[in-house]
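Read off the chains here:
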Amino acid sequence: MKKQLVSILCAAALVCSAGAANVSNFSDVRPSDWYHDAVNYVCENGLMNGTSNTVFSPNDTTSRSMIVTILYRLAGSPDLPESNWGYPYADVDASAYYSTPVYWARMNDLVTGYSDTQFGPDDAITREQMAAILYRYAQYKGYDVTTGGMALNEYTDASEISEYAVTAMQWANEQGLITGSTSTTLEPQGNAIRAEAATILMRFCEEIAK
C-alpha cells in the first residue's frame, strides 16, 4: 500500500516544489535537527522537495494549495469535469497546478474557501486548518476518525481552536499527528511551517494511510 502511495505522490512533489529529493543535499537540514527524519521521509517518498537544490527551507510556511495538491495526488488524481466545478474562485487561476485539486477538495468538502469567490491558495496554512483538512480526507477515505474527547484538556490554549476545527484537532492530537508546540500549548492559529508539514505528513502516511 505504501509503495502505491509513494508512486502517486511523486507527481505531486514535482508540481509543488523544485529541487533535489535527497536530504543530504540540504544545507539547512542537519542529522541533529528534530525534523531531519521527517524531511528525509517526505523527500524519499515524493511528498515534498527542496525549495532549491541545496535548501529545504524548514522554517518557511506551507501554502493551502500545496497541501490540497498533495492530498489530491494521494487520492489518485480523480477526474473532475469542469461542468461540476460550480462557482469559480476568483483567486484560483484555471491554469495553475493546483486548480483541479482545489475544486476537487471543494466538491468533496475537504477544504472550503473563505467565500464563494476566494480560496487563498497562497495563504500559509495554519495548524488547525491542516488538522481539519487531514481529518476530512481521512473521512473521505473511510479511515477511523473516532476520538476519546479528552486529549485537548491539557493545553492551555485549547479555547483558541476555531469551532470548526475542534473535533479535527482532537483527532489529530490523539493520533499523534499534531502535538503541542510546547508541553502546554497547541498554537492552533500558528502557521504550519514546512518542517511541521513534513512531520505531520509522515505521521499521517505511516499511521493513518497505511
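What counts and what doesn't
Residues numbered from 1 in each chain as written. Predicted model: local features only at pLDDT ≥ 70, side-chain atom pairs only at ≥ 80, totals over all residues. Heavy atoms only, no water. Helix = DSSP H or I, 4+ residues; strand = E, 2+ residues; numbered from the N terminus. Contact = heavy atoms within 4.5 Å. Areas by Shrake-Rupley, 256 points an atom, 1.4 Å probe, with all protein chains shown as cover. Buried < 20%, exposed > 50% of the residue type's maximum accessible area, 1.4 Å probe, protein only. Polar contact = N/O pair within 3.5 Å; in protein donor to acceptor, adjacent residues only side chain to side chain. Salt bridge = Lys/Arg side-chain N within 4 Å of Asp/Glu carboxyl O. Core = buried A, V, L, I, M, F, W, Y, C linked by side-chain atoms within 4.5 Å. Phe/Tyr/Trp six-rings, centres within 6.5 Å; stacked < 30°, edge-to-face > 60°. Axes fitted to C-alpha atoms, helices over the stretch in contact; angles between N-to-C directions. Parallel < 35°, antiparallel > 145°, perpendicular 65-115°, else oblique. Nonpolar A, V, L, I, M, F, W, Y, C, P; charged D, E, K, R; others polar.

1. Details of the overall build of the chain
And then number 1: Each helix and strand in the chain was counted, giving 7 helices and 0 strands.
And then number 2: Along its sequence from the N terminus, the chain presents helices and strands in the succession α-α-α-α-α-α-α.
And then number 3: Within the chain, contacts between residues separated by at least 24 positions form 75% of all contacts whose residues are at least 6 apart in sequence.
And then number 4: Total accessible area computed for the chain in this model is approximately 9700 Å², and 47% of it derives from carbon and sulfur atoms.

2. Quick word on the environment of Arg203
And then number 1: Structurally, Arg203 can be placed in helix H7 (residues 194-208).
And then number 2: A relative accessible area of 27% places Arg203 in the partly exposed class.
And then number 3: Residues Arg203 and Gly176, 27 residues apart in the sequence, show an inter-C-alpha distance of 7.4 Å.
And then number 4: There is a polar contact of 3.2 Å between the side chain of Arg203 and the backbone oxygen of Leu177.

3. Points about unusual backbone geometry
And then number 1: Positioned with a positive phi, Ser57 is a non-glycine residue whose angle comes to about 60 degrees.
And then number 2: Within the fold, Ser57 resides in the loop between helix H2 (36-44) and helix H3 (64-74).
And then number 3: On the accessibility criterion, Ser57 (13% relative accessible area) is buried.

4. Concerning the pattern of salt bridges
Pairs may arise between side chains of opposite charge once their charged atoms sit close together.
And then number 1: If you walk through the whole model with that rule in mind, you get 3 salt bridges.
And then number 2: Close ionic contact of Arg30 with Asp33 constitutes a salt bridge, the shortest N to O distance being 3.0 Å.
And then number 3: Using a relative accessible area of 47% as the deciding quantity, one classes Arg30 as partly exposed.
And then number 4: By relative accessible area, which is 12% here, Asp33 ends up buried.
And then number 5: Ionic pairing is found between Asp116 and Arg106, a salt bridge with its closest N-O pair at 4.0 Å. In this pair, Asp116 is assigned in the loop between helix H4 (99-107) and helix H5 (127-141) and Arg106 in helix H4, connecting sequence segments 10 residues apart.
And then number 6: Take Arg106: its relative accessible area is 18%, and that puts it in the buried class.

5. Things to note about the nonpolar core
And then number 1: Formed by 63 residues in total, the largest nonpolar core has its most connected members in Val39, Met130, Trp171 and Phe204.
And then number 2: Those elements giving two or more residues to this core turn out to be H2, H3, H4, H5, helix H6 (166-174) and H7.
And then number 3: Examining the composition of this core, we find that 9 residues originate from one element, H7, more than from any other.
And then number 4: Setting aside chain neighbours within four positions, we find Phe204 in contact with Leu74, Leu134, Tyr137, Ala138, Tyr143, Trp171, Leu177 and Ala209.

6. As for the packing of aromatic side chains
And then number 1: According to the stated counting rule, one finds 11 aromatic pairs in the structure shown.
And then number 2: Plain terms: the ring middles of Tyr72 and Trp104 are 5.4 Å apart, the flat faces sit at 65 degrees to each other, and that makes the pair edge-to-face. Pair noted here: Tyr72 is in helix H3 and Trp104 is in helix H4, with a separation of 32 residues, a long-range link. Judged on exposure class, the residue Tyr72 and its partner Trp104 are both buried.
And then number 3: With a centroid separation of 5.5 Å and an interplanar angle of 50 degrees, the aromatic rings of Tyr89 and Phe119 are classed as tilted. Of the two residues, Tyr89 sits in the loop between H3 and H4 while Phe119 sits in the loop between H4 and H5, which places them 30 residues apart along the sequence.
And then number 4: According to the relative accessible area criterion, Tyr89 is buried, its value standing at 4%.
And then number 5: By relative accessible area, which is 0% here, Phe119 ends up buried.

7. Remarks on the packing of H5 against H6
And then number 1: Taken N-terminus to C-terminus, the directions of H5 and H6 make an angle of 85 degrees; their axes are 8 Å apart at the nearest point. Between H5 and H6, the crossing angle belongs to the class labelled roughly perpendicular. Within the contact between the two elements, H5 uses Arg127, Glu128, Ala131, Ala132, Leu134, Tyr135 and Ala138 and H6 uses Thr167, Ala168, Met169, Trp171 and Ala172.
And then number 2: Partitioned by chemical class, the residues of the contact of H5 with H6 number 9 nonpolar, 1 polar and 2 charged.

8. Quick word on H4
And then number 1: Summarising burial for H4: 7 of the 9 residues are buried, a large majority.
And then number 2: In the core, the buried residues of H4 are packed alongside H3 and H5.
And then number 3: At the exit of H4 stands Asp109, carrying a positive phi of roughly 60 degrees.

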